[in-house]
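Here are the chains, one letter per residue:
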Amino acid sequence: EDGEPEVIDAAIIAAAQRVEHYEIAAYGTLRTFAETKGDTKAARVLEEILNEEKEADERLTRIAESSVNMQARSAEEGDEEWDEDEESSKSRTQPGRSLSAEDTGRRGKADGPWT
């Protein structure tokens with residue numbers, strides 16, 4: 001679509017993290033139900049899947065924080081300067097923020113694409 005490729009990359013990571021957070025919530029709930037029911041085999045399998053989903057979320061966070069966020073911010077700042085110079089009367093949209101590990105109750109440093 002339209003937009004700076006760096007910003008689109010950050011948005012894709014943010015969307016993928018939203019999916020991971022949904023999956024983390026779903027597998028965590030299922031694991032708890034299995035534990036409550038006494039189904040230790042299912043609880044163990046669901047715990048493994050839950051850990052994989054958490055790892056995927058952490059991997060996306062590392063990618064975003066190591067480079068993609070900075071590149072997106074630079075691209076956005078370049079657009080803002082252009083907007084001010086060329087179209088000062090138009091309003092600019094501010095980049096959003098995905099759920100962070102801290103927002104979801106986990107302790108972490110991630111704040112989505114614009115940390």
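Residues numbered from 1 in each chain as written. Predicted model: local features only at pLDDT ≥ 70, side-chain atom pairs only at ≥ 80, totals over all residues. Heavy atoms only, no water.

### Let's talk about the overall build of the protein
Part 1 of the reasoning: For the protein, the helix and strand inventory stands at two helices and zero strands.
Part 2 of the reasoning: A buried classification covers 30% of the 115 residues belonging to the protein.
Part 3 of the reasoning: The long-range share in the protein, meaning contacts at least 24 apart out of those at least 6 apart in sequence, stands at 62%. (Helix = DSSP H or I, 4+ residues; strand = E, 2+ residues; numbered from the N terminus. Buried < 20%, exposed > 50% of the residue type's maximum accessible area, 1.4 Å probe, protein only. Contact = heavy atoms within 4.5 Å.)

### Section: helix H1 (residues 5–37)
Part 1 of the reasoning: With 33 residues, H1 extends 48 Å between its outermost C-alpha atoms, agreeing within 8% with the 48 Å of an ideal straight helix rising 1.5 Å per residue.
Part 2 of the reasoning: When we look at burial in H1, the residues that qualify are Val7, Ala10, Ile13, Ala14, Gln17, Glu20, His21, Ile24, Gly28, Arg31 and Ala34. (Expected span 1.5 Å × (residues − 1).)

### Overview of the pattern of salt bridges
Part 1 of the reasoning: Applying the stated criterion across every chain yields a total of two salt bridges.
Part 2 of the reasoning: Across the pair Glu35 and Arg31 runs a salt bridge whose closest N-O atoms are separated by 3.8 Å. Highlighted residues: Glu35 and Arg31, both in helix H1, separated by four residues, approximately one helical turn.
Part 3 of the reasoning: Judged by its relative accessible area of 47%, Glu35 is partly exposed.
Part 4 of the reasoning: Note that Arg31 is salt-bridged to Glu47, the shortest N-O span being 2.6 Å. In this pair, Arg31 sits in helix H1 while Glu47 sits in helix H2 (residues 40–86), placing the two residues 16 residues apart along the sequence.
Part 5 of the reasoning: Overall, the relative accessible area of 28% leaves Glu47 in the partly exposed class.
Part 6 of the reasoning: One salt-bridge network, held together by shared partners, links Arg31, Glu35 and Glu47. (Salt bridge = Lys/Arg side-chain N within 4 Å of Asp/Glu carboxyl O.)

### Describing the nonpolar core
Part 1 of the reasoning: Counting eight residues, the largest nonpolar core is built from Val7, Ala10, Ile13, Leu60, Ala64, Val68, Ala72 and Ala75.
Part 2 of the reasoning: Among the elements of the structure, H1 and H2 are those that each provide at least two residues to this core.
Part 3 of the reasoning: The element best represented in this core is H2, accounting for five residues. (Core = buried A, V, L, I, M, F, W, Y, C linked by side-chain atoms within 4.5 Å.)

### Remarks on the environment of Val45
Part 1 of the reasoning: With respect to the secondary-structure elements, Val45 resides in helix H2.
Part 2 of the reasoning: In this structure, the C-alpha to C-alpha distance between Val45 and Arg31, residues 14 residues apart in sequence, is 8.3 Å.

### Observations concerning the side chain of Glu53
Part 1 of the reasoning: Turning to its location among the elements, Glu53 is positioned in helix H2.
Part 2 of the reasoning: As a buried residue without a salt bridge, Glu53 has its nearest oppositely charged side chain in Arg59, at a separation of 8.0 Å. (Lys, Arg positive; Asp, Glu negative; His and termini not counted.)

### Re the confidence of the model for the protein
Part 1 of the reasoning: Confidence along the protein averages 77 in pLDDT terms, with 67% of residues attaining 70 or more.
Part 2 of the reasoning: Within the model, the stretch residues 82–115 combines pLDDT values under 50 with 57 contacts to residues more than four positions away or in other chains. (pLDDT = per-residue confidence, 0-100.)

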